[in-house]
Every structure is written in structure tokens, then in C-alpha cells.
Amino acid sequence: MKKLGLVFLCGLMALPAVAQPERIALVLGGGGARGAAHIGVIEVLEQERIPIDCVVGTSMGGLVAGSYAAGLSPAMMRAKLAEADWTDMFLDLADYSQLSYRQKRISRRYLTGAQVGLSERGLQIQPGVVAGEKIKLFFNQLVDEDLGERSIEELPIPLAIVATDIGNGERVVFREGSLTQAMRASMSVPGLMAPVEYQGRKLVDGGLVDNLPVQVARDLCQADRVIAVNVGSPLKAPEEIGSLLSVSAQMIGILTKQNVERSLSSLTGADIYIAPELGDIKATDFARYEAAAETGNRATHQQLAQLRKLAVSPEAYARWQATRHSPAREPVIIDEIRIAPTKRAHPDYVARHIRQQPNQLLDRAALEQDLLRTYGDGFYSNVDYRVVREAEQNTLEILVREKDWGADYLTFGFTIDNEYRRGANFNFRGAYRNTWINRYGGEFFAALDVGGTPSLELNFYQPLVPSQRFFVEPLYARRRDAIGIYVNGNEVAEYTLDTSYYELSVGKNLGVFGKSTFGWRDYHMRGSADISAFEIPNIDEEYGGLIFELNLDRRNRLYFPSHGWRADVSFFDSQEQGYKKLSVDLGGVYKLNDVVLGARAAHITALNSELPVYDAVMLGGFLNMSGYARNQLLGDDAFYAHLRAEQIIGRMPLGLNGDMRLGLGFEAARLEQVYILGAEQGWLDSAVIYLGGETPLGPLYLGYGFTFSGDYNLYLQLGAL
């Protein structure tokens, strides 16, 4: 028996060895928008029936790697990129029409991004130009996170995504946990996108430490061969480097180039290296994803001789494809909605925007809009969601991360208003906000303007319910205006008007439409004129009255909107002074191809008598009878209207809001009672031609206003007007 066993063993050893299939790893490097070339690479790999045993990616390579591991085909990736609005995606805020009215009011007076937090660690600024709110929601959509949370360890293809710990410079490799969180962390370009907080670390773009993670791929699936795709941007020439931004970008480029060279040195003759010639496609050219994908496709075709050695039979590839795709996932019915714990914000305040109802299918599009509204409240560093399956139930969890610097803020703005008829007016403004004083969201607001039109405002906002639907608001405001006094179109004096008032009102927030308030306002008006050719009486009046205001705003942007409308109505009734003042101001815009049509109409009148001179209607200035000087026309019972058309002539670059526009407006006004000498009653005309656009310092306008009787004015305006 022993001899028989020995013979049998020798016979087995003599048989030819059965070749084991080689394990293949796909490595997709980072490169921003240039990473769309990876889609073209994968297209060729699928056409040639090359199975992948694991996939690893960094930055945009991590996005494509994660999408492929999650079951998306190259065609699906192209379709998703085609649907994306990349310009809008790099703007974190919700559509302006979706902001709360209080947040809109802050946006009108202060510059976006000029907010500074106050904490025990001192002054804190926003950690990136972009927080990445819309980008993260896009990643959720890309891999169908609304159908259930996607975990890396549960994906059909082993996946690893590389990020960098900005605290210690270590490489962080995601092999488990949230897929979309790993994608977002790996794409956090330092300075541009805010880091992702993860297990006590702050993570940024993986390209800083491993932009082409070859070794990670070998370790992940013990790969015999690596297909490495490098889409990194070349370094800039010395003459192209001048600004601080270009120096920073070059530094990151040098770090990336060095670690890529280390990875390339580890490739062997068995590995395949693909480096698409992407030419002038920049890391920020996301709109050119099709060109990048086609370039990746062509570059991979040039490697067909080597790649075809890795191909398998149609039957074997079909079996591999079957294992790559997860079972189809059905739309989810939400059984419960849960607000994750917060430190300051009341759960009912967070939940007020969420329209999703229990026992209904999850509406992903509506949920994303609601989360952007929540983010637009301004108290959070990011807002997200996840769908968790627990005890046979689907729980929608709303995740809000409050800004880590606390509840105190400083914010800043400025205005340059230079016109030919009145000269230059410069105002610098700053504000202090102490938010979430109590669980209902009480807030103290103090604002100071210094310059040509100084002002002071002290305001306390106290919601009466956790959702902040109802509130009470005491405030004090003071302002000084220098009003030109004109005779026959010539300025003969300057009148200084000091207005101060106390107000106590109760109000109701009307969702994202606006607010209404009712209360009592007590005025103190003081006015005096400089030396002039005739006597203008000084005033010193104190009086009070009931005040009602209704403010609605549904424009999609504060400056240069392309659609939406606004309405402001106010009524003041002073029994002491014996007058009732009604103001109605309406406006709207509509986009037709590349032309935006706009209109505004306003009517201000005293209902039972004349308005006193210190509370008169003031017309004149840019898009307020542009052919006249600022506040040149004073009177009562005024009607003003304009029609304008704006041709869109350009777009602001990635990460900045708005259009560049060339505008033409026609204006008309009528004052039944005129308080200036030499002015005619009846209809007045005006027109304006202007160039405008939104800049990082606020809106910029250059304009020429004129009347058909020969008057004219020139305008330069910059800042939060």
C-alpha cells in the first residue's frame, strides 16, 4: 500500500500545473477635472474583457474608483457628469430664494465669506473657500445613497480611497465606512475645500501624500499586475507663477509630483502605465469631462497589446460582471425621521425645513433642497443625511455639524458709491452676532457703519417657539444721511438728517418666503442745513406710531438674479404727527435665453395728509431715477417704475457666483407734491446703461444715467450695497 501511495503521489506531481488567474489592480490617480479621463480608461477595459480584482483611487480618481466599485458603468458615469452643474456645485449656499429672511438680510449688507468666528481659541475663519455641501450631496446622488447607506466593505469590488491627515501629514486609507465620506475627504483640495472631520482627524486631498497609490493597490488584493493611470497636472512654468494662489498651487503640485515619482519607481515590467495627454484641460475644467474621457479612451487604446494579455473569455468575463453588480435596490419607504444630536440648535429648528414624511417613499431631490435650506441658515459647517436600516425599519437621519468655533461671529462689508453728481461715498461696516443665546435661538445683533452714511443698529431677536415661526424683536437704530438740496438741478445746500428710533415688534416667519411684523416705533428726527443761499429750517421732532411690515423675497440671487420676485409693504401710522405713510415696492425678473428682463414699481404716499419733509420720498441715484443725483428728488405721493433688459456676456469663474451683464433700463417717476425749488411736478423720465457683475468683493456696477431733457450722471458702485 505504501508503494502504491508513493506511485500515485509521483503521478500527481508529474501532471502539468493549473495556472491561477493573475490578480489585477486598477489604480486611478488624482487630477481634479482631468480625472474624467479614468472613465475612458474603464470603457476600454470593459470592451477588452479585463476583470479587475480591486480598485484604488485618490481625489477625482477616488470618485471614479468608488463609483465603479459601487456598480456604475462608464456610460452611467458620463450621464451623471452631464447632469451636474459644476459651476453651481462649487457654490455652497442654497438658492437665495430658499434662505430665511433673516439670513437674506445679513447677505444684503455683508460680504459672503467675510464671516469670522469667535471662540476660546481666538478668531476662526472658514477653513476653505468652499465647504463642499453641494459636492457631498452630488456624491450621494452618484451612488444612490438615498436607497441605503453605501459602505466600502460591502461593495462587490474591493476598494480603497486615499486621503491625507492635514494635522500630521499621514496617509489615511479608507477600506471601510461611508463611501461618500471617503470620496469627499479625498477631494478636499487644501484652501479650496474645507477638510472632512473623521475620527478626530481633519482630512484633505490624498494627492498630497499618494496621488498614484500603487502600493495600496498591491496590499489591498495582493495584485500580480497593476494598471496605473496618471492624470496629474504638469507644473507651471516660472513665468506663470506670480500670485500667492499660483505659488500655493505650485507647492501642492511639487508635493504631488514627488510622491507620484515614488509610485512610478515601484512599477515592474508586468505592470501597465497609462498617462493620457490631457493638454490644456485644467484641474478645474469640469465642464470638459467629455474631452478628458475621450482622451483617456485613446490613451488606453495605445496600450492594447499589453492589455489584451489580461483579457478573459466572454464566459469568464460575464461571470465576473455578474459578481460586480449588487442586487438592484428599490426605492426606500421612510419609517422614521431622526435629527442627529446637536449642541446648540433645537431639533425642531433643524426639522422645520424637512418636508419628507414618514411612511412615504424618500424624495431625494426634495430632501437635497431641504438640506441646502438648512445649511443656508448659516450655523453649520455641513449638513448631510443617511438612510439606515434598523430593526426592519428605514430611518432617515439628518446630520448637521455645527460650526466648531461656537455661536459668536464677526462679519464685515463695505460700499463704494461714487457718482458724478454727488461725489464719492464710502462706508465700512462690521457686525457682531451672538447666536443661540438660548435653546429657542435667541440672537443679539450689533452693527456699525462708518463712513459717508454712518449708522448703528442694536437688535435682539427672540423666537417664541423652537421652530422660530413666531418671534419678538426689540431694536434700536440710528442713521445719518447727507441730502443734497437742489434748485433747478444745481445743488445749493446739504441737509444733514439724523434719524433714530426704538422699535418693539412681534413677527411671523413665512417659511422661506419672508416675514411679517407688527409693532410700535418711536422716532427722533433732527435735521440741519449747511450755509446756503436761502434759509432751510432746522427740525427736532420726536413722535411714535404703529408700524406694520411685510417682506417677501423669492429671487434666486440677491444680485443679478435670473428669476423670481420680491415685495415689500410697510405702513406707519403716527397719531402725534397726524399722517399715515404707505409704501409698496414690487420687483421681478425673468430669464429668456441669455437675456434677463426685470421690472420694478414702487408707490409711497401719505393716506390722509402730506408727508413731513423729514419723512419724504427720496428718488435719484442708480436704478432709482438714474439721470438724477442720489436723493435729489424729494416729495410726497410718489410713483416710480422701471423696465430693464440685461444681456449675459459672461460667467464668473468656478466657485464664484453670478453673471457678467450689460444692461439697459428705462425709468419713470411722478411726484404729486415736490419739496424742492424749481422742480416740476408730473412725470419725469430717465434711462441708464450699465455693466455689472458679481465679484469676490460684492457686486460691481459701472453705469451712465441720463434724462431726455439733458441731465446725466455717472456711477461706480462696488460692495454689499
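Residues numbered from 1 in each chain as written. Predicted model: local features only at pLDDT ≥ 70, side-chain atom pairs only at ≥ 80, totals over all residues. Heavy atoms only, no water.

A look at the UniProt feature "active site" (unreviewed entry) in the protein chain
Rules: UniProt positions are given in the numbering used here, feature names are shortened, and annotations may be inferred rather than shown by experiment. Helix and strand labels come from DSSP, where a helix needs a run of H or I of at least four residues and a strand needs a run of E of at least two; each type is numbered from the N terminus. Relative accessibility thresholds used throughout: buried, under 20% of the residue-type maximum; exposed, over 50%; partly exposed, between the two (1.4 Å probe, protein chains only).
Per the UniProt record, the feature "active site" (unreviewed entry) sits at Ser59 and Asp205. Across 147 residues in sequence, these annotated residues keep their C-alpha atoms within 6.0 Å of one another, forming a single compact spot. In this structure, Ser59 sits in the loop between strand 2 (54-58) and helix 3 (60-69). A residue is classified by how much of its surface remains accessible, and Ser59, at 5% relative accessible area, is buried. Looking at the secondary structure, you find Asp205 in strand 10 (residues 201-205). Among the residues examined, Asp205 registers a relative accessible area of 10% and is labelled buried.

Brief notes about the packing of helix 7 (residues 133-142) against helix 8 (residues 179-186)
Quick note on the threshold: Where helices are involved, their axes are fitted lines through C-alpha atoms of the stretch in contact, as for all axes, and angles between N-to-C directions lie from 0 to 180°. Any angle from 65 to 115 degrees is called roughly perpendicular, while one under 35 is roughly parallel, one over 145 is roughly antiparallel, and all others are oblique. Two helices cross in a left-handed way if the nearer one is turned anticlockwise from the farther one by less than a right angle. They cross in a right-handed way if the turn is clockwise. Note on contacts: a residue pair qualifies if any of its non-hydrogen atoms lie within 4.5 Å across the two residues.
At their nearest, the axes of helix 7 and helix 8 sit 9 Å apart, and the two run at 135 degrees to each other. With respect to each other, helix 7 and helix 8 are oriented oblique. Judged by the sense of rotation from one axis to the other, the crossing of helix 7 with helix 8 is right-handed. Contacts between helix 7 and helix 8 involve Lys136, Phe139 and Asn140 from the first element and Thr180, Gln181, Met183 and Arg184 from the second.

Section: the packing of helix 4 (residues 74-83) against helix 7
Selection criterion: Residues are grouped as follows: nonpolar covers Ala, Val, Leu, Ile, Met, Phe, Trp, Tyr, Cys and Pro; charged covers Asp, Glu, Lys and Arg; every other residue, Gly included, is treated as polar.
With their axes 11 Å apart at the nearest point, helix 4 and helix 7 run at an angle of 145 degrees to one another. You can see that helix 4 and helix 7 cross each other, and the crossing is right-handed. Residues Lys80, Leu81 and Glu83 of helix 4 touch helix 7, and the partners they reach there are Phe138, Gln141 and Leu142. Looking at side-chain class alone, the contact of helix 4 with helix 7 contains three nonpolar, one polar and two charged residues.

Concerning a nonpolar patch on the surface
We apply this condition: Note that patches include only residues with greater than 30% relative accessible area and no salt bridge, and the join distances are 9 Å for like charges and 5 Å for nonpolar side chains (Val, Leu, Ile, Met, Phe, Trp, Tyr). Note on areas: Shrake-Rupley with a 1.4 Å probe; residue coverage comes only from the protein chains shown. Criterion for a salt bridge: a side-chain nitrogen of Lys or Arg within 4 Å of a carboxyl oxygen of Asp or Glu.
A cluster of nonpolar side chains, contributed by Ile649, Leu662, Leu664, Phe666, Ile689, Leu691, Leu702, Phe708 and Leu716, occupies part of the molecular surface with about 810 Å² of accessible area. Mapped onto the nonpolar patch, the elements with two or more residues apiece are strand 31 (659-674) and strand 32 (682-695). Residue contributions to the nonpolar patch peak at three residues, all from strand 31. Note on placement: Ile689 falls in strand 32.

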